[in-house]
2 protein chains.
Amino acid sequence: MSEIDHLVANAAIYEERFDAGLPIPPKLQIAVLACMDSRLRIFGMLGLHEGDAHVIRNAGGIASDDAVRSLIISQRILGTREIIVIHHTDCGMERFTDEEISNQIERETGVRPPFAFGAFQGVDANVARTMDALRGSPFLPHREDIRGFVFEIETGHMREVLA
Amino acid sequence: MSEIDHLVANAAIYEERFDAGLPIPPKLQIAVLACMDSRLRIFGMLGLHEGDAHVIRNAGGIASDDAVRSLIISQRILGTREIIVIHHTDCGMERFTDEEISNQIERETGVRPPFAFGAFQGVDANVARTMDALRGSPFLPHREDIRGFVFEIETGHMREVLA
C-alpha cells in the first residue's frame with residue numbers, strides 16, 4: 001500500500017463526518033494566502049471550519065500572478081472581503097537563491113525555467129512586500145483589510161507584521 | 001473584534017499544542033495540489049499531520065506556472081516525490097467564463113487583466129488536464145507518481161480520476 005493509498009483510506013473515514021451541503025461562498029468572507037510549508041496546518045491554526053475561508057497556498061505565500069488570479073475570483077465571484085497573509089520562520093525559500101535553482105535546472109534539463117522562484121531573505125520584509133503587492137493590485141476590489149503574519153515554527157506563535 | 005482577530009485568538013490556543021521542531025522536508029515526500037475552496041479541509045480530509053506534506057492551493061487547483069514553480073521547489077529543494085491533485089464538484093470556477101470576468105474587470109477598472117482565469121466545465125476533465133500538464137513539465141524531476149481525485153462536495157466522497 002503506497003502512502004497515497006493510506007491518505008485515500010483516511011479520506012474514506014473523513015467522509016463519514018463531512019458536513020455536506022455547505023454553500024460555495026466562504027462564510028467568513030476571508031481568504032488566506034499562505035506558504036505551502038508542511039508544518040502550516042491552516043484550518044487547525046486559525047480555528048477554521050469547512051466553509052469558512054478560501055485558502056491559497058504557494059511556495060513562500062507570495063503575491064504571484066496566480067495568487068492574485070485566485071484572490072480576484074475569491075473577491076469578485078465568491079464575495080470575500082478580507083485577506084490574511086501567513087509566512088513563517090525556517091522557510092525553505094531562504095535556503096537557496098533563484099540563481100542557484102535556475103542554474104541547477106538548466107544544467108539538468110538544458111532549459112532555463114522562464115520564471116522567478118521567489119527565494120528570499122527576511123520573512124518580515126517578505127510579508128510586507130506581499131501585502132504591498134496585494135494593496136497595489138487594481139484588479140482586487142477589496143484591499144482595505146489585508147493583514148500579514150509570521151508563524152514562528154520554533155514556538156507555534158503567530159505574530160502580526162504591521163506594514 | 002473583527003473576524004480576523006477571532007482567528008488570531010484561535011491561533012494563540014493552537015500555539016499551546018503545536019509540535020515545534022519539525023524539519024522542513026515533508027515527512028511523506030508528498031505534495032498536494034488542490035482548489036482553494038473553503039469546503040476542502042486538506043489536512044483533515046487526508047489525515048495529514050503537521051510536517052507530512054506540502055499543500056499548494058489556487059482557484060481550481062490547476063497546474064499554473066505558480067503551482068509548477070512551487071512543485072519544482074517542493075521536489076528539488078525539499079525532497080517530495082509524489083503529487084496528489086484534488087479538485088471538487090460544485091466548484092465556483094464552473095460558474096463563470098474567462099470572458100465574463102475579464103469583461104467585468106475591464107469595465108470597472110479600464111484595464112483588461114493580462115492573464116487567463118482558468119474557468120472550466122467538467123471537473124473530471126479538469127483533473128486529467130492538470131495531471132497531463134504536470135506530467136509534461138520538464139522541470140519536475142519526479143512525474144511517475146501523480147494521482148488525481150475529485151472530492152464530491154455533496155457526499156464527502158473522494159474518488160480517483162484514472163487518466
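**Observations regarding the relation of the copies chain B and chain A**
Placing chain B over chain A gives an RMSD of 0.0 Å and needs a rotation angle of 180°, together with 0.0 Å of translation along the axis. On this basis, the relationship between the two copies can be described by a two-fold rotation axis. Measuring from the rotation axis to each C-alpha of chain B, the shortest distance belongs to B:Arg57, at 2.4 Å. Interface overlap between copies: 100% of the residues of chain B at the interface are likewise at the interface in chain A, consistent with a symmetric, same-surface contact.

**Topic: the pattern of salt bridges**
All names here are of chain A. For the coordinates displayed, the defined rule picks out 24 salt bridges over all chains. Between Asp90 and Arg95 there is a salt bridge, with its nearest N and O atoms 3.0 Å apart. Taking the relative accessible area as the measure of exposure, Asp90 reaches 24% and is therefore partly exposed. Among the salt bridges present, the one from Glu160 reaches Arg147, with a minimum N-O distance of 2.8 Å. Of the two residues, Glu160 sits in strand β5 (residues 157–161) while Arg147 sits in strand β4 (residues 145–152), which places them 13 residues apart along the sequence. In the salt-bridge network here, residues are joined through shared partners; they are Asp37, Arg39, Asp90 and Arg95.

**Remarks on the packing of helix α4 (residues 98–109) of chain A against helix α3 (residues 65–76) of chain B**
Packing of α4(A) against α3(B) leaves a shortest axis separation of 12 Å and a crossing angle of 80°. As far as their axial angle goes, α3(B) and α4(A) are roughly perpendicular. Where α4(A) approaches α3(B), its residues A:Ile101, A:Gln104, A:Ile105, A:Glu108 and A:Thr109 are matched on the opposing element by B:Ile72, B:Ile73 and B:Arg76. Tallied by class, the residues present in the contact of α4(A) with α3(B) amount to four nonpolar, two polar and two charged.

Rules of the game
Residues numbered from 1 in each chain as written. Chains lettered and ligands numbered in written order. Predicted model: local features only at pLDDT ≥ 70, side-chain atom pairs only at ≥ 80, totals over all residues. Heavy atoms only, no water. Least-squares fit on C-alpha atoms with pLDDT ≥ 70 in both. Contact = heavy atoms within 4.5 Å. Salt bridge = Lys/Arg side-chain N within 4 Å of Asp/Glu carboxyl O. Buried < 20%, exposed > 50% of the residue type's maximum accessible area, 1.4 Å probe, protein only. Helix = DSSP H or I, 4+ residues; strand = E, 2+ residues; numbered from the N terminus. Axes fitted to C-alpha atoms, helices over the stretch in contact; angles between N-to-C directions. Parallel < 35°, antiparallel > 145°, perpendicular 65-115°, else oblique. Nonpolar A, V, L, I, M, F, W, Y, C, P; charged D, E, K, R; others polar.

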